[in-house]
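# A closer look at the structure
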Amino acid sequence: MTTPQAGKLLPADSESTPAISIVMPTMNEEEGIRECIERATNALEELGVTGEIIISDASTDRTPEIAESMGAIVVEPDKPGYGYAYRYAFDHARGSYIVMGDADTTYDFEEIPKLLELVAYGNADIVMGSRLEGEIKDGAMPPLHEHIGNPLLTKFLNAFYDAGVSDAHSGFRVFSQEALETLELGSDGMEFASEMIMDAGAKGLTIEEVPITYHEREGEAKLESFHDGWRHVKFMLVNAPGYLFSLPGSIMGAVGVVVMALSVFNVEVMGQGVGVHSLIAGSLLTLAGYQIGSFGFLTDIASDPIQRPDGIITRWLNEHFTLERGVLLGLGLFAFGSLTALGLLYQWIASGFTVLPSITADIVAFTAIVLGLQTMFGAFFANVISKEE
């Protein structure tokens, strides 16, 4: 490995303007903080640059006293949370490059140079240490996390945000100050790790990985497997309404319309006619798909998700949808369904209440009426919650 040179890192490297800021969040880490600071200091000496070590502390033990005695800068966030501890410390970081990592000895800060290299020479905006592509020491990671939790959450994140990483929740990362300023980070909890990668992917930043060694921790673990895992999944879903709402809604709606059409026009499938029960199922899928899909459009105009829906239907709606057009479309569907229903009612009355109307026409009329009402009132609701003046 070619060690980055100080001149490459920061032209005016000095005590007042450190080249690197190493940030560690701590909550009662007195058992491991000394080793982490020593290893971080060794990395700075290997690089030959001036750096600062910032401890973002919420401890009730001796962690801050130990850190200060070793020359680290200790800041105390005014709010709780893993993510907030990082964001608070980042506001105090002066380095051109920022290193983040946990202070429980799981990450070896002497590996900083090999992560920094890609960022320092412009080959990446963010470099992550990959535990899953590197070495995980015995006892360092619970089997549930190593073989199920982390791989599964990483697959979710790659599918939704096209991050292309192998270990999305590694907490050992290096990035430039410019990359940090590009990101819009706002989460306070453990989902902060996901948010950084999600936002970086959405903004087109380059993310690379370097294999690292993951060690057994010192002190008590803070992670709650299922609770924190769900927070990650929930955060990924609500910030990708295209995958949460638009895509499943479009698929359900399309299948529903096809099934209804096959039933209405008596089309045989594999020699079997599509009957009224399939028509009912098609109506249900059409209505449910329309409702779920509309949530994606409404979420897009009412909020600012990291990954905005980008499907053909959503793009068309964003360009052409107005209150007036929505109301007219809804009125058209409602009128079609209502007139069909009135015609069926007239036929029933005219027969002396002896001949029941076609159940097929009934279901089609019902579906059109509901879609019309959803469209009309949805158009007004979209207008109310729209961010635009």
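No experiment lies behind these values; they were computed from the predicted model shown. (Residues numbered from 1 in each chain as written. Predicted model: local features only at pLDDT ≥ 70, side-chain atom pairs only at ≥ 80, totals over all residues. Heavy atoms only, no water.)

With that settled, the discussion passes to the overall build of the protein. Within the protein, the secondary structure is distributed over 14 helices and 9 strands. For 389 residues, the compact-globule estimate of 2.2 N^0.38 gives 21 Å, and the C-alpha radius of gyration of the protein, at 29 Å, exceeds that figure by more than 25%. The C-alpha extent of the protein, read off along each of the three principal axes, is 95 × 50 × 40 Å. Counting every position in the protein, which comprises 389 residues, the buried fraction comes to 44%. In the protein, the proportion of contacts linking residues at least 24 apart, taken out of those at least 6 apart, comes to 77%. When the accessible area of the protein is evaluated, it comes to approximately 19,400 Å², of which 59% is carbon and sulfur surface. Once the 21 positive and 53 negative side-chain charges of the protein are each reduced to a mean point, those two points are 2 Å apart. (Helix = DSSP H or I, 4+ residues; strand = E, 2+ residues; numbered from the N terminus. Rg over C-alpha atoms; globule rule 2.2 N^0.38 Å. Buried < 20%, exposed > 50% of the residue type's maximum accessible area, 1.4 Å probe, protein only. Contact = heavy atoms within 4.5 Å. Areas by Shrake-Rupley, 256 points an atom, 1.4 Å probe, with all protein chains shown as cover. Lys, Arg positive; Asp, Glu negative; His and termini not counted. Charge placed at Lys NZ, Arg CZ, Asp CG, Glu CD.)

By size, the foremost hydrophobic cluster in this structure holds 38 residues, and its most contacted members are I20, I22, M24 and I55. Taken together, the elements giving at least two residues each to this core come down to β1 (20-26), α2 (33-47), β2 (51-57), α3 (63-69), β4 (97-100), α5 (112-120), β5 (126-136) and β7 (207-214). When residues in this core are grouped by element, the largest group, 7 residues, is from α2. Excluding anything up to four places from it in sequence, M24 contacts I33, C36, I37, A40, I53, I54, I55, S56, G101, A103 and F109. Counting residues in each nonpolar core, the second largest holds 36 residues, with I54, F175, M196 and L205 among its members. (Core = buried A, V, L, I, M, F, W, Y, C linked by side-chain atoms within 4.5 Å.)

A positive phi angle is found at N28, which is not glycine, with a value near 60 degrees. Tracing the backbone shows N28 in the loop between β1 and α2.

The subject of this paragraph is the packing of aromatic side chains. On inspection of all chains with the given rule, the structure shows 14 aromatic pairs. Cluster of aromatic residues (ring-pair linked, three or more members): Y82, Y86, F90, F175 and F192. Stacked on the ring of Y84, the Lys or Arg K79 has its end atom at 4.9 Å from the ring centre. Above the plane of the ring of Y214 lies R131, whose end atom (NZ or CZ) is 5.0 Å from the centre. (Phe/Tyr/Trp six-rings, centres within 6.5 Å; stacked < 30°, edge-to-face > 60°. Lys NZ or Arg CZ within 6 Å of the ring centre and 35° of its normal.)

Further remarks concern α2. Here α2 contains 15 residues, and its C-alpha end-to-end distance of 21 Å stays within 8% of the 21 Å for a straight helix at 1.5 Å per residue. Positive phi appears at G48, one or two residues downstream of α2, with a value of about 75 degrees. (Expected span 1.5 Å × (residues − 1).)

What follows deals with the sheet that holds β2. Either a parallel or an antiparallel arrangement is found when strands of a sheet pair, and the pairing is made through backbone hydrogen bonds. Strands sit in the order β3-β2-β1-β4-β6-β5-β7 across an open sheet of 7 strands; the sheet is mixed. The open sheet has two free edges, formed respectively by β3 (73-75) and β7, since each of these has just one partner strand. Mean inter-strand twist for the sheet, computed between neighbouring axes without regard to direction, equals 25 degrees. Examined bridge by bridge, β4 and strand β6 (residues 173-176) share 4 bridges and lie antiparallel to one another. (Pairing = 2+ DSSP bridges. Axes fitted to C-alpha atoms, helices over the stretch in contact; angles between N-to-C directions.)

Across the two faces of β6 the burial is the same, with R173 and F175 and V174 and S176 all buried. Taken together, the 3 bridges between β5 and β6 define a ladder with antiparallel strand orientation. Counted as the bridge partner of V127 is V174 from β6.

For the rest of this paragraph, the subject is a negative patch on the surface. A contiguous patch of negative charge on the surface is contributed by E30, E31, D138, E216 and E218. Along the polypeptide, E216 turns up in the loop between β7 and α9 (225-238). Exposure remark for E216: the relative accessible area of 47% places this residue in the partly exposed category. (Patch = residues over 30% accessible without salt bridge, like charges linked within 9 Å, V, L, I, M, F, W, Y side chains within 5 Å. Salt bridge = Lys/Arg side-chain N within 4 Å of Asp/Glu carboxyl O.)

Here the focus is the pairing of β2. In terms of residue burial, β2 counts as a mostly covered element, since 6 of its 7 residues are buried. Bridging between β1 and β2 involves 7 bridges; their strand directions are parallel. Considered in β2, the bridge of S21 is made with E52. Chirality of the crossover, the property in question, places the unit of β1, α2 and β2 among those that are right-handed. (Right-handed = clockwise from strand over helix to strand, strands pointing away.)

We now examine the pattern of salt bridges. A full pass over the atoms with the stated rule returns 14 salt bridges. Ionic pairing is found between E29 and R217, a salt bridge with its closest N-O pair at 3.4 Å. Of this pair, E29 sits in the loop between β1 and α2 while R217 sits in the loop between β7 and α9, placing them 188 residues apart in sequence. The exposure class of E29 is buried, given its relative accessible area of 6%.

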